[in-house]
Amino acid sequence: MNQKIKIAIDGPSGSGKSTLAKRIARELGLVYVDTGALYRAVGLYAKRAGADPSINSQIAALLPQMQLELRYTEDGQRVILNGEDVSGLIRTSDVTVYASTVSAIPSVRKFLLEIQKRMAGEGNVVMDGRDIGTVIMPDADVKLFLEASPAKRAHRRYLELLAKGEQVTEQEVLAAVMQRDKADSGREIAPAVPAEDAIFIDNSQLDEAQTLSKALEIIGEKLRRLR
Ligand code: DC
């Protein structure tokens, strides 16, 4: 294929966006851009600075101090914050809460817009997040909105946290998932809502391979119709 492809994947946390996006990237030879990692890096910086993530002015004051870069290696995307590779450090439960809170701040979204638009502009990308089909790549060739029930998403997240050695109960994880859904989709700015032309995949009853084959079927059909 000689035209550059853009695929947007949005959906709530734990719906399996990153797993799906990575597999699509591998299948179709695209770059996988994980935009949540950028919000997580801002969350990490705010946490380290002892800032209150819900106070806009405190977070806005930190932004000029931050230099963020995305690098693509054989291991996938790396997030570089002021020269430090923070890719592993941004995956903890507390950074997750910071990330969700700072992502509702307009200056944070504006700060992260340019880097995301630049990646989108390069094309041959599959990008996942909350506002990819609506704000970052409204011109994407294919927009998928991945969903799963809150209980299913909480269960997956619980298993991930257990594997990482975090001490949590499934109940706590479900409460956190529901809280984050409310915050991410109820916020005023760039709420996590599907684009009008998004195609929904509910993977509550699908495993990773089934989700991938469903997505590839949709993408293949969409691209055939476009070309
Ligand atoms: O996808 P994730 O769980 O790593 O994202 C972390 C947080 O960042 C999530 O709570 C919502 C926010 N986010 C966002 O607001 N817009 C994006 N495009 C990606 C993530």
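Located above this text is the structure these notes cover.
The structure contained in this document is the topic of the report that follows. Since the structure is predicted, the reported quantities are computational estimates derived from the model, not experimental observations. (Residues numbered from 1 in each chain as written. Predicted model: local features only at pLDDT ≥ 70, side-chain atom pairs only at ≥ 80, totals over all residues. Heavy atoms only, no water.)

**Describing the environment of S149**
Topologically, S149 is positioned in the loop between β7 (142–147) and α7 (150–163). Along the chain, S149 and G14 lie 135 residues apart, while their C-alpha atoms are 9.5 Å from each other. (Helix = DSSP H or I, 4+ residues; strand = E, 2+ residues; numbered from the N terminus.)

**A closer look at the environment of K47**
Counting through the fold element by element, K47 comes out in helix α2 (residues 36–48). Residue class for K47 comes out partly exposed when judged on its relative accessible area of 35%. Taking C-alpha positions, K47 is 16 Å from G36, a pair spaced 11 residues apart along the chain. Setting aside chain neighbours within four positions, we find K47 in contact with D94, V95 and Y98. (Buried < 20%, exposed > 50% of the residue type's maximum accessible area, 1.4 Å probe, protein only. Contact = heavy atoms within 4.5 Å.)

**Comments concerning the nonpolar core**
Grouped together as the largest cluster of nonpolar side chains are 37 residues, with contacts concentrated most on V42, I59, L68, V79, V108, M127 and M137. For this core, the secondary structure elements donating two or more residues are α2, α3 (56–62), β3 (68–73), β4 (76–81), α4 (93–102), α5 (106–122), β6 (125–129) and α6 (132–136). The greatest single-element share of this core, amounting to 8 residues, is contributed by α2. When sequence neighbours within four positions are dropped, the list of residues in contact with M127 reads I7, A8, I9, V33, T35, Q116, M119, A120, I132, I136 and M137. The next biggest cluster of nonpolar side chains, apart from the first, holds 19 residues, and it includes L20, A21, I24 and A25. (Core = buried A, V, L, I, M, F, W, Y, C linked by side-chain atoms within 4.5 Å.)

**Quick notes on the pattern of salt bridges**
A full pass over the atoms with the stated rule returns 15 salt bridges. One salt bridge connects D139 with K6, and the closest N-O pair in it is separated by 2.9 Å. In this pair, D139 sits in the loop between α6 and β7 while K6 sits in strand β1 (residues 6–10), placing the two residues 133 residues apart along the sequence. Owing to a relative accessible area of 48%, D139 belongs among the partly exposed residues under this scheme. Owing to a relative accessible area of 16%, K6 belongs among the buried residues under this scheme. A cluster of three or more residues bridged by salt bridges with shared partners is formed by R130, D184 and R187. (Salt bridge = Lys/Arg side-chain N within 4 Å of Asp/Glu carboxyl O.)

**Thoughts on the sheet that holds β1**
Spatially, β2-β6-β1-β7-β8 is the arrangement adopted by the 5 strands of the open sheet, whose pairing is parallel. Either end of the sheet is taken by a strand with one partner, and the two such strands are β2 (31–34) and β8 (199–202). On average, each strand axis in the sheet is inclined to that of its neighbour by 20°, with strand direction left out of account. The pairing of β1 with β7 spans 4 bridges and is classified as parallel. For I9, the partnering residue across the bridge sits in β7 and is L144. Across the face of the sheet, helix α9 (residues 208–226) comes into contact with β1, β7 and β8 while running at roughly 155° to β7. (Pairing = 2+ DSSP bridges. Axes fitted to C-alpha atoms, helices over the stretch in contact; angles between N-to-C directions.)

**Some words on the packing of helix α1 (residues 17–28) against α9**
For the pair α1 and α9, the least separation of the axes is 10 Å and the interaxial angle reads 55°. Viewed along their axes, α1 and α9 adopt a mutual orientation that is oblique. For α1 against α9, the interelement crossing comes out right-handed. The residues of α9 that touch α1, namely those facing T19, L20, R23, I24, E27 and L28, are E208, A209, T211, L212, A215, L216 and I219. Per-class residue counts for the contact of α1 with α9 are 8 nonpolar, 2 polar and 3 charged. (Parallel < 35°, antiparallel > 145°, perpendicular 65-115°, else oblique. Left-handed = near helix turned anticlockwise from the far one by under 90°. Nonpolar A, V, L, I, M, F, W, Y, C, P; charged D, E, K, R; others polar.)

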